[in-house]
Amino acid sequence: MQDPIVVTGLGAVSPLGSGVDASWTRLLAGKSGIAPNTRFDTEGWKCRIAGLVPSREDDPEGFDPTASMSPQDLRKTDLFIHYAVAAAGEALAQAGWAPEDGEARKRTATIIGTGVGGVPAITAAAETIRLSGVRRLSPFVVPSFLPNLATGQIGIRHGFHGPSGAPVTACAASAQAIGDALRLIRSGEADIALCGGTEACVDPVAIGGFTAARALSFGFNDTPERASRPFDAGHDGFVLSEGAAMLVIERLSHAERRGARPLAILSGYGTTTDAHHVTAGWPDGREAARAMDLALEMAGLAPDRIDYVNAHATSTPVGDAAELAALQSVFGPGAGGVPVGSTKSATGHMLGAAGAIEAVFAVRAIETQTLPPALNIETPMPEAEGFDLLSDTARKTRVDHVLSNAFGFGGVNAALVFSRPG
């Protein structure tokens, strides 16, 4: 009998709040994490909004970095590491995984993806050189921004000596991190893994670069909560957001031996490459569809067994249309009636952390038998005709299997399937 790989812990820091419960509760309530960008002065900028993680000073459900790291360590690391450490701590605590045994630590993998790593630290270092000279740089500059240092810092804190990795595959990074962790356990290289993603690049360089690429939403600066609108005819680009999300995964037999409760089964994973264009996928979504097919094949499921698709859908006209085409290819006309939504409508696009936060929401949908709302779909785009698009109200229904997509620049496609345990 197959020994499935199960999820036993979840952690999150998102624009909706700090912690899985805060993020999920606000998501179900139809709240938006998109707000004016107060990270830097945006006067005169085309895009003046972002999905910022709220501070504990402004929000009782906000983020308190000192709850997870000392002030000294906070000064030595960039924000994407702060978010990662907090989300990891929450996931490990729920899973009850804090091994003292050396062999158990050697069998614990840590795989945490990011799209860009510590861009704010790089930007600040360049400014320090310009204003004060190179000798004013801190010796901790490089370790503060390296993409794999979220993984490294967490490994150091928890004493995990197993395989580690940091996929840097744009917006598919954390979905691939989860898939990589699944493969490590299936191959026998690890017994348990902490996996997910983190991002914190709401920064002039990132906002300016995506603005130059005409990828961001510019039309809702005065009503930011309406800006992220996947599959809506009025969408005009994505909203850059930040945060982190982590999962603890392990074989069911391993979880049972130590008394951990399975939250969901990680039943399928598929990944492909478009080999088509730097920033755009195939218009017909052919390789995105193949990633979904591979995930379903691993899960041993026919498409009609899926009860919910949390789409990658970032709110860009080209990307949303291609994903709808891919869904039609996999599920049939109108995606076979499968409910489709995108939680990016509430969180914005967390880039390298997007796949992981959406995986967390997939697991919570299974746990609560509830599909989260999809905000701002006022007039569905023509390509969405016939689809069962979720509305701005949560839907109670049977949820046994969820498909979650994540696609990234460079043509990277990843799909994950989560299933109800037992």
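Quantities reported herein were computed from a predicted structural model and do not represent experimental measurements. (Residues numbered from 1 in each chain as written. Predicted model: local features only at pLDDT ≥ 70, side-chain atom pairs only at ≥ 80, totals over all residues. Heavy atoms only, no water.)

Remarks on the overall build of the protein chain
The number of helices and strands found in the protein chain is 14 helices and 16 strands. Taking 2.2 N^0.38 as the reference for a compact globule, 422 residues should give roughly 22 Å; the C-alpha atoms of the protein chain span a radius of gyration of 20 Å, in line with that estimate. Buried residues in the protein chain amount to 58% of all 422 residues. A fraction of 79% describes how many contacts in the protein chain between residues 6 or more apart in sequence connect residues 24 or more apart. Summed over its atoms, the accessible surface of the protein chain is roughly 16,200 Å², and 52% of this surface lies on carbon and sulfur atoms. Charge separation in the protein chain, taken as the distance between the mean sites of 33 positive and 45 negative side-chain charges, equals 4 Å. (Helix = DSSP H or I, 4+ residues; strand = E, 2+ residues; numbered from the N terminus. Rg over C-alpha atoms; globule rule 2.2 N^0.38 Å. Buried < 20%, exposed > 50% of the residue type's maximum accessible area, 1.4 Å probe, protein only. Contact = heavy atoms within 4.5 Å. Areas by Shrake-Rupley, 256 points an atom, 1.4 Å probe, with all protein chains shown as cover. Lys, Arg positive; Asp, Glu negative; His and termini not counted. Charge placed at Lys NZ, Arg CZ, Asp CG, Glu CD.)

What to know about the side chain of Ser144
Following the sequence through the fold, Ser144 ends up in helix α6 (residues 141-145). Setting aside residues up to four positions removed in sequence, Ser144 forms contacts with Lys76, Thr77, Asp78, Phe80, Ile81 and Ala121.

Examining the pairing of strand β8 (residues 243-251)
Here β8 lies mainly inside the structure; eight of its nine residues are buried. Inspection of the sheet shows strand β1 (residues 5-14) paired to β8 by eight bridges, in the antiparallel sense. For Ala12, the partnering residue across the bridge sits in β8 and is Ala245. Two elements, strand β7 (residues 192-199) and β8, share eight bridges in a ladder whose sense is antiparallel. Its bridge partner being in β8, Ile192 is matched across the sheet by Glu250. (Pairing = 2+ DSSP bridges.)

Let's talk about helix α5 (residues 119-132)
When the terminal C-alpha atoms of α5 are compared, their 20 Å separation across 14 residues agrees well with the 20 Å that a helix rising 1.5 Å per residue should span. Those residues of α5 not exposed but buried are Val119, Ala121 and Ala125. Projected down its long axis, α5 carries its buried residues within an arc of 165°, all on one side. Every exposed residue of α5 that faces more than 90 degrees away from the buried side is listed here: Arg130 and Leu131. Where α5 is buried, its residues touch α6 and α9 (204-212). Positive backbone phi, at 100°, marks Gly133, one or two positions downstream of α5. (Expected span 1.5 Å × (residues − 1). Arc of directions from axis to C-beta.)

As for the nonpolar core
A general trend in soluble globular proteins is that nonpolar side chains are found buried together. Core analysis: the biggest nonpolar cluster contains 52 residues, and Val7, Leu10, Ile178, Leu247, Ile249, Leu416 and Phe418 have the highest contact counts within it. With nine residues, the top contributor of residues to this core is helix α14 (residues 354-368). In this view, Leu247 contacts Val7, Gly9, Leu10, Ile178, Ala193, Leu194, Cys195, Ala356, Ala359, Val360 and Phe418; residues no more than four positions away in its chain are not counted. Counting 30 residues, the second largest nonpolar core, distinct from the first, contains Phe231, Ala311, Ala321 and Ala335. (Core = buried A, V, L, I, M, F, W, Y, C linked by side-chain atoms within 4.5 Å.)

Structural notes on the side chain of Thr198
Among the secondary structure elements, Thr198 is positioned in strand β7. Judged by relative accessible area, Thr198 falls into the buried class, the value being 0%. In terms of polar contacts, Thr198 uses its side chain to reach the backbone carbonyl oxygen of Phe80, at 2.6 Å. Excluding residues within four positions of it along the chain, Thr198 makes contact with Phe80, Tyr83, Ala84, Ile112, Gly113, Thr114, Gly115, Ala150, Gly243, Ala244 and Ala353. (Polar contact = N/O pair within 3.5 Å; in protein donor to acceptor, adjacent residues only side chain to side chain.)

Description of the layout of surface pockets
One water molecule sets the probe size; rolling that probe over the atoms shows where empty space is left. In this model, the largest pocket occupies a volume close to 810 Å³. Lining of the largest pocket is provided by 45 residues; of these, Thr279, Ala280, Thr316, Gly319 and Phe409 occupy positions nearest its centre. For the lining of the largest pocket, the elements supplying multiple residues, two or more each, are α9, α11 (286-299), α12 (317-331) and β15 (401-408). In terms of residue count, the dominant contributor to the lining of the largest pocket is α12 (six residues). Split into classes, the residues belonging to the lining of the largest pocket amount to 22 nonpolar, 15 polar and eight charged. In this structure, the second largest pocket occupies an estimated 380 Å³ of space. Taken together, 22 residues line the second largest pocket, and the ones lying closest to its centre are Gln2, Pro4, Ile5, Ile265 and Ser267. Element by element, the count of residues in the lining of the second largest pocket is highest for strand β9 (residues 264-273), at three residues. The residue inventory of the lining of the second largest pocket, partitioned by class, reads twelve nonpolar, five polar and five charged. (1 Å grid on protein atoms, 1.4 Å probe; cavity = no way out; pocket = protein on both sides within 12 Å on 5 of 7 lines; lining within 4 Å. Points joined across faces, edges and corners; volume = space filled by probe spheres on them. Nonpolar A, V, L, I, M, F, W, Y, C, P; charged D, E, K, R; others polar.)

So, the environment of Leu216
Along the polypeptide, Leu216 turns up in the loop between α9 and β8. With relative accessibility at 1%, the residue Leu216 sits in the buried group. Along the sequence, Leu216 and Gly285 sit 69 residues apart, while their C-alpha atoms lie 21 Å from each other. Other than its neighbours up to four places away in sequence, Leu216 contacts Cys47, Ile207, Phe210, Thr211, Asp236, Gly237, Phe238 and Leu240.

Focus: the packing of aromatic side chains
Tallied over the entire structure, the rule returns five aromatic pairs. Pairing Trp24 with Phe361 gives two aromatic rings, centres 6.0 Å apart and planes at 40°, and the pair type is tilted. Of this pair, Trp24 sits in helix α1 (residues 20-28) while Phe361 sits in helix α14, and the two are 337 residues apart along the sequence. For the pair shown, Trp24 and Phe361 are each scored as buried. Judged by centre distance (5.2 Å) and plane angle (75°), the ring pair of Phe210 and Phe238 falls under edge-to-face. Taken together, the residues span a long stretch of sequence, with Phe210 in helix α9 and Phe238 in the loop between α9 and β8 at a distance of 28 residues. For Phe238, a relative accessible area of 5% gives the class buried. (Phe/Tyr/Trp six-rings, centres within 6.5 Å; stacked < 30°, edge-to-face > 60°.)

Note that all results are geometric; they support no functional claim without further evidence.
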